[in-house]
Amino acid sequence: MWGVYRPASSASQSGMLWLSRVMRQLHRDDNMKVTALLIICSSLILGSFGKPQFPEREKDPRYWNTWAQRTLKNALVLQKLNTNKAKNLILFLGDGMGVPTVTAARILKGQLNGQSGEETQLEMDKFPFVSLAKTYNTNAQVPDSAGTATAYLCGVKANEGTVGVSAAAVRSQCNTTEGNEVTSILRWAKDAGRSVGIVTTTRVNHATPSAAYAHSVDRDWYSDNEMPAEALQSGCKDIARQLFENIPNIDVIMGGGRKYMLPKNMSDIEYPGIAKHSGTRKDGRNLIQEWTDRTKDKKGHYVWNKKQLLSLNPNNVDYLLGLFEPGDLTYDLERNTETDPSLTEMVEVAIKILRKNPNGFYLLVEGGRIDHGHHEGKARQALYEAVEMDRAIGRADLMTSIHDTLTVVTADHSHVFSFGGYTPRGNTIFGLAPMLSDVDQKPFTSILYGNGPGYKLVNGARENVSTINYQENNYQAQSAVPLSMETHGGEDVAVFAKGPLAHLLHGVHEQNYIPHVMAYAGCIGQNKEHSKFISPAGFTNCWSLIRMPPPAKQKIAHSCVWGEVVLSVLTSLLIHWRYFTPECEKL
């Protein structure tokens, strides 16, 4: 009703805006004007044949007013809060997925679907509650993934480089481990009878997943091969070993990291004879075989490729170990779709197995290579990883219900990644800004990094990106400061939430608040007492309230609903309606 997309006119209008803006900047240099005009004319020509700059309907104020009113009505519905008990808990962690990455991934997702991109909704965008988390470590303003993982999994802030230990532990000092261990929400869930799972695109003993089960003063102690002799002599365990020993009955484990589980120099099954992929363990243990032997009579299955994974019947699987690479999984852009499962495929299998437990489950899902792409300055790799994680979020949504599943999506930290340059609507997210630098008279891509490996000089000057293929998968975007690896960013990260008690994730909070909310919603960990007064449907039992002391009554009296009153009557003929209805009214 609002009209149709008319590409040529929109592109031309945008082009004139670009031209006027650039001409204002370029009055000092005639040669620069000529070069700029060539770039802009090329953009106009391409725009007239390409996707529209914006839809015709957006010219009509009614379009925006109608959209806003519809959004307002949806928001008003949220005033009826979901206070159900969360049977299932899912945490999606985009490693390095700061707000600029979320926005750029949204645009990319739209452009992959033939849209201009900006108006697209990510799956996480659909979550009704959004807050911010402060990511600093106890000893670091700009954090690392280990200290942050301890925060959003164990509920306490910690030092950088350490996992599953409090801030009293000192990195790399083995003797500071004992007595400073902290447990994770995965452990709390397992102790409460839930099934638990870990799915990641990194090594399963990398920083994020390891905080769910390990207690290590050094995130880099992947196997005993990476540990100093004094740490081994002092009794510290490598992280791979802790994966199988600390919580021996983790129901689902999927990711990479085969080589850390195998004896040193043992050839990898997928890459035989390639030394860098061979086993690393000095103790000679084959942790994969040990796991297989332990679970073979408990419907346990070990898989290392996509065919094996997708051939499983989840109804016949109670325990799953899937290790699909010697190290991290390959980037999704480079993934062999015949042999390597996607994050979405892994998540689907994991949920099918975990949801068999009538008590529910806890699942940690990490899109871990978003972070790696940024560190390497490869924005295309990072953003495609983010889009794939969003696809996995959508798949999980289809397999669960907001009535009994709390789903949280967040990041551990951000990166010094940005995009700008006054790009027009629909500009490819990996494209050029529509202007030249007024300092060195060269074009630049919209995406840039504050630091990293993309800093390049040619003949003493900034590289001219028009002379290279900046659309290539592994192109390293230009950076302001030369570093072999780009760094994390220190700003707050977004926390998206939906499902039971998702509204508790609001405002700005410390990152360690997240698992406390999830545990409270699921009635696990230290948050169990309130669960006896809440039914699976979320209604507070008025009869239980009557028996509670007055202060406790007042705290949860708002949940007393007539539906539960009726239920209480039907289930207990000894209780008379007139007896407890007045009590509920007095609460």
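What counts as what
- Residues numbered from 1 in each chain as written.
- Predicted model: local features only at pLDDT ≥ 70, side-chain atom pairs only at ≥ 80, totals over all residues.
- Heavy atoms only, no water.
- Helix = DSSP H or I, 4+ residues; strand = E, 2+ residues; numbered from the N terminus.
- Buried < 20%, exposed > 50% of the residue type's maximum accessible area, 1.4 Å probe, protein only.
- Areas by Shrake-Rupley, 256 points an atom, 1.4 Å probe, with all protein chains shown as cover.
- pLDDT = per-residue confidence, 0-100.
- Contact = heavy atoms within 4.5 Å.
- Expected span 1.5 Å × (residues − 1).
- Salt bridge = Lys/Arg side-chain N within 4 Å of Asp/Glu carboxyl O.
- Pairing = 2+ DSSP bridges.
- Axes fitted to C-alpha atoms, helices over the stretch in contact; angles between N-to-C directions.
- Core = buried A, V, L, I, M, F, W, Y, C linked by side-chain atoms within 4.5 Å.
- Phe/Tyr/Trp six-rings, centres within 6.5 Å; stacked < 30°, edge-to-face > 60°.
- Lys NZ or Arg CZ within 6 Å of the ring centre and 35° of its normal.
- Parallel < 35°, antiparallel > 145°, perpendicular 65-115°, else oblique.
- Nonpolar A, V, L, I, M, F, W, Y, C, P; charged D, E, K, R; others polar.

**Notes on the overall build of the protein chain**
Moving on, step 1. Of regular secondary structure, the protein chain possesses 19 helices and 19 strands.
Moving on, step 2. Expressed as a percentage of the 587 residues in the protein chain, the buried residues total 54%.
Moving on, step 3. Accessible area of the protein chain: about 25,600 Å², with a carbon and sulfur share of 54%.

**Comments concerning the confidence of the model for the protein chain**
Moving on, step 1. The pLDDT averaged across the protein chain works out to 87; a share of 81% of its residues lies at or above 70.
Moving on, step 2. Below a pLDDT of 50 lies the segment residues 1-38, which in the model reaches 64 contacts outside its immediate sequence neighbourhood of four places, other chains included.
Moving on, step 3. This stretch, residues 537-587, has a pLDDT under 50; its non-local contacts, to residues over four places away or in other chains, come to 55 contacts.

**Describing helix H12 (residues 343-354)**
Side chains three or four residues apart in an α-helix point the same way, a direct result of the helix having 3.6 residues per turn.
Moving on, step 1. If you check H12, its first and last C-alpha atoms are 16 Å apart, about what 12 residues at 1.5 Å a residue would give, namely 16 Å.
Moving on, step 2. Among the 12 residues that make up H12, 10 are buried, leaving the element largely enclosed by the rest of the structure.
Moving on, step 3. Within H12, the full set of buried residues consists of Leu343, Thr344, Glu345, Met346, Val347, Val349, Ala350, Ile351, Ile353 and Leu354.

**Comments concerning the pattern of salt bridges**
Moving on, step 1. Enumeration over the complete set of coordinates arrives at 34 salt bridges.
Moving on, step 2. The salt bridge involving arginine 425 is made with glutamate 58; its shortest N-O contact spans 2.8 Å. You can see arginine 425 sitting in the loop between strand S10 (417-419) and strand S11 (432-436) and its partner glutamate 58 sitting in the loop between helix H2 (30-49) and helix H3 (61-77), a full 367 residues away along the chain.
Moving on, step 3. Taking the shortest distance from any N to any O, the salt bridge between arginine 281 and aspartate 283 comes out at 2.7 Å.
Moving on, step 4. Residue classification places arginine 281 among the buried residues on the basis of a relative accessible area of 1%.
Moving on, step 5. Salt bridges sharing common partners tie together Lys237, Arg241, Glu245, Arg285 and Glu290.

**As for the pairing of strand S4 (residues 252-256)**
Moving on, step 1. Counting buried positions along S4 gives five out of five residues, so the element sits mostly inside the fold.
Moving on, step 2. Relative to S4, strand S3 (residues 195-203) runs parallel, the two being bridged by four bridges. Within S4, the residue paired with valine 199 across the bridge is methionine 254.
Moving on, step 3. As defined by bridge partners, S4 adjoins strand S6 (residues 319-323) across four bridges and the pair is classed as parallel. Bridging across to S6, isoleucine 253 finds its partner in leucine 321.

**Here's the deal with the sheet that holds strand S8 (residues 405-411)**
Pairing between the strands of a sheet comes from backbone hydrogen bonds, and it takes one of two forms, parallel or antiparallel.
Moving on, step 1. Strand order in the open sheet formed by 10 strands is S5-S6-S4-S3-S7-S1-S8-S18-S2-S19, with mixed pairing between adjacent strands. Sheet topology places strand S5 (300-303) and strand S19 (508-510) at the edges, where each strand pairs with a single neighbour. Put simply, the sheet's adjacent strands are angled 15° from each other on average, direction ignored.
Moving on, step 2. Across three bridges, the pairing between strand S2 (residues 129-134) and S19 is parallel. For leucine 132, the partnering residue across the bridge sits in S19 and is valine 508.

**Description of the sheet that holds S10**
Moving on, step 1. Within the open sheet, the three strands sit side by side as S10-S13-S16. Their pairing is mixed. Of all the strands in the sheet, the pair left with one neighbour each is S10 and strand S16 (479-482). Sheet twist, expressed as the mean angle between neighbouring strand axes with direction ignored, is 20°.
Moving on, step 2. As judged from the three bridges shared by strand S13 (residues 447-452) and S16, these two strands associate in the parallel manner. Bridge pairing in S16 links glycine 452 to proline 482.

**Quick look at the nonpolar core**
Moving on, step 1. By size, the foremost hydrophobic cluster in this structure holds 115 residues, and its most contacted members are Phe92, Leu153, Leu320 and Tyr362.
Moving on, step 2. Aside from chain neighbours lying at most four places away, what touches phenylalanine 92 is Val347, Val365, Met389, Ala392, Ile393, Ala396, Thr407, Val408, Val409 and Thr410.
Moving on, step 3. Core analysis: the second largest hydrophobic core is formed by eight residues, Val165, Val217, Trp221 and Met227 among them.

**A word on the packing of aromatic side chains**
Moving on, step 1. For the structure on display, the rule yields four aromatic pairs.
Moving on, step 2. Taking the centre distance of 5.3 Å and the plane angle of 40° together, the rings of tyrosine 222 and tyrosine 260 count as tilted. Of the two residues, tyrosine 222 sits in the loop between helix H7 (207-210) and helix H8 (229-233) while tyrosine 260 sits in the loop between S4 and helix H10 (287-295), which places them 38 residues apart along the sequence.
Moving on, step 3. The buried category is assigned to tyrosine 222, whose relative accessible area is 9%.
Moving on, step 4. Classification of tyrosine 260 as buried rests on a relative accessible area of 6%.
Moving on, step 5. The positively charged end of arginine 203 is found above the aromatic ring belonging to tyrosine 222, 4.7 Å away from the centroid.

**Describing unusual backbone geometry**
Moving on, step 1. Positive phi outside glycine occurs at tyrosine 422, with the angle close to 55°.
Moving on, step 2. With respect to the helices and strands, tyrosine 422 occurs in the loop between S10 and S11.
Moving on, step 3. Residue tyrosine 422 is classed as exposed on the basis of its relative accessible area, which comes to 55%.

**Considering the packing of helix H4 (residues 99-112) against helix H14 (residues 379-399)**
Moving on, step 1. Relative orientation of the contacting elements H4 and H14 amounts to 80°, with a least axis distance of 9 Å. Taken together, the axes of H4 and H14 lie roughly perpendicular to each other. Contacts between H4 and H14 involve Thr101, Ala104, Ala105, Leu108, Lys109 and Leu112 from the former and Leu383, Tyr384, Ala386, Val387 and Asp390 from the latter.
Moving on, step 2. The residue inventory of the contact of H4 with H14, partitioned by class, reads eight nonpolar, one polar and two charged.

**Considering H4**
Moving on, step 1. If you check H4, its first and last C-alpha atoms are 20 Å apart, about what 14 residues at 1.5 Å a residue would give, namely 20 Å.
Moving on, step 2. Counting buried positions along H4 gives 10 out of 14 residues, so the element sits mostly inside the fold.
Moving on, step 3. Among the residues making up H4, those that are buried are Thr101, Val102, Ala104, Ala105, Arg106, Ile107, Leu108, Lys109, Gly110 and Gln111.
Moving on, step 4. The elements touched by buried residues of H4 are helix H13 (369-375), H14, S10 and strand S18 (493-498).
Moving on, step 5. Glycine 114 occupies a position one or two residues after H4 and carries a positive phi of about 80°.

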